[in-house]
Amino acid sequence: MLSFRKLALAAAPVAALLFSVSPSFAEPDEINFGVISTEASSNQKKNWEPFVDAMSKALGVKVNAFYATDYAGVIEAMRFNKVQIAWYGNKSALEAVDRANGEVFAQTVSKDGSEGYYSHIIVHQDSPLQTLDDVLKCDKTLDFGIGDPNSTSGFLVPTTYVFAARKVDPKSCFKTVRNGSHEVNSLAVLNKQVNAATNNSEDLQRLEIKNPEGRAKIRVVWTSPIIPLDPIVWRRDLDPEMKTKIYKFLLSYGRTGSDEELAQSHAVLGNLLWSPFKPSSNDQLLPIRKLEANKSLMKIAADEKLTAEEKEKLTTDLKAKIASIEELEKKAETSEFKQTVAAFVAADKAGKKDEVAKTIEDLALSVSKTN
């Protein structure tokens with residue numbers, strides 16, 4: 001059995017070595033749970049309120065859902081301790097970790113059991129645009145919908161893999177470029193308000209459930225490499241005992257309880273398009289850090305205003321940063337925490353409930369000792 005100290009050290013994110021935070025603990029009377037704006041808050045409330053209610057009951061304190069009009073609203077709310085826990089995408093989680101005293105402690109798992117999803121560029125089924133090359137003809141005749149600047153699949157991934165990779169500036173390429181949530185972008189394509197837009201596989205799944213006729217009118221012209229599924233983040237200075245309670249609740253939700261309780265929790269998770277959560281850490285964000293650095297590298301290479309010397313200096317620094325991140329990735333892959341999570345997932349799939357419960361208990365106690 002792993003000692004609590006070993007687990008604490010293993011679970012502590014490698015990337016957190018890049019900065020330090022001095023915690024000051026205070027037991028909260030209430031917890032605010034942030035929800036990023038992937039769709040209208042009225043739609044999100046239907047899916048999130050049952051989960052928030054279940055968390056409130058398990059923790060013994062009132063848990064309030066916090067909805068903002070954009071991703072930055074949730075990040076800033078966490079920064080000023082108006083939000084203590086939040087569901088983010090990887091890009092927004094990176095901002096929360098670096099700027100809002102955040103720490104990744106869990107990861108969502110897709111309803112079908114997969115641990116990744118995809119960014120897309122979509123067009124209307126009737127559109128003459130058949131390929132990505134058609135979308136990127138760059139004659140300033142097309143209107144384009146892009147995601148929130150803090151969105152992983154709506155902004156960072158297409159910006160890196162499509163625009164930066166092809167040395168295309170969206171503002172110079174398209175007639176207009178509009179930022180919007182995944183839902184706003186899909187509706188804009190459906191209503192022919194834009195010619196093409198970014199989206200992701202999860203939002204298209206939601207659209208299939210809510211409006212199958214609408215989904216049938218959307219065509220995908222570009223798909224990204226797989227993206228790690230979303231992290232759950234809490235503030236590092238959250239009361240240790242509360243962290244333990246939250247961890248036990250989140251990792252046990254959908255795994256323990258009576259048949260009736262399991263059916264209810266599975267239904268709640270299913271409405272969010274998820275299965276039970278898995279343990280995670282800030283190491284989950286290392287590929288996103290590398291993606292950001294590579295995006296910057298491609299932008300520098302395409303910047304005609306920079307001299308050769310300036311480019312060399314900037315690219316040398318970025319390449320060193322990427323090499324450092326890759327070293328952290330190697331350490332993370334062989335870490336004790338990574339092995340513990342792999343064993344947890346295997347035990348869960350094999351239905352070894354006692355082993356799963358014991359790992360949750362050990363990790364829940366360890367997370368309160370990592371700060």
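Each remark here, short or long, concerns the structure printed above.
Attention here is on the structure that accompanies the text. (Residues numbered from 1 in each chain as written. Predicted model: local features only at pLDDT ≥ 70, side-chain atom pairs only at ≥ 80, totals over all residues. Heavy atoms only, no water.)

### Topic: the sheet that holds strand β8 (residues 176-179)
Phase 1: Taken together, five strands build an open sheet; the order of strands is β8-β7-β9-β6-β10 and the sheet is mixed. Every interior strand has two partners, whereas the edge strands, β8 and β10 (218-223), have only one. Averaged over all pairs of adjacent strands, the angle between their axes in this sheet comes to 30°, without regard to strand direction.
Phase 2: Alignment of strand β7 (residues 143-146) against strand β9 (residues 196-200), held across two bridges, turns out to be parallel. Among the inter-strand pairings, glycine 145 is bridged to a residue of β9, identified as alanine 197.
Phase 3: Helix α8 (residues 182-190) rests against β6 (119-124), β7, β9 and β10 of the sheet, and its axis sits at about 140° to β9. (Pairing = 2+ DSSP bridges. Helix = DSSP H or I, 4+ residues; strand = E, 2+ residues; numbered from the N terminus. Axes fitted to C-alpha atoms, helices over the stretch in contact; angles between N-to-C directions. Contact = heavy atoms within 4.5 Å.)

### Brief notes about the pairing of strand β13 (residues 274-279)
Phase 1: Burial of β13 is extensive: six of the six residues sit out of reach of the surface.
Phase 2: With four bridges connecting them, strand β4 (residues 102-110) and β13 associate as antiparallel partners. Counted as the bridge partner of serine 110 is tryptophan 274 from β13. (Buried < 20%, exposed > 50% of the residue type's maximum accessible area, 1.4 Å probe, protein only.)

### Side note on the side chain of glutamine 84
Phase 1: When you line up the elements, glutamine 84 lands in the loop between α3 (71-79) and β3 (85-87).
Phase 2: A distance of 2.8 Å separates the side chain of glutamine 84 from the backbone nitrogen of asparagine 32, its partner in a polar contact.
Phase 3: A polar contact is formed between the side chain of glutamine 84 and the backbone oxygen of asparagine 81, at a distance of 2.9 Å.
Phase 4: With residues up to four places along the chain from it excluded, the contact list for glutamine 84 reads Glu30, Ile31, Asn32, Met78, Val233, Trp234, Arg235 and Leu238. (Polar contact = N/O pair within 3.5 Å; in protein donor to acceptor, adjacent residues only side chain to side chain.)

The quantities given are spatial measurements derived from coordinates; they are silent on function.
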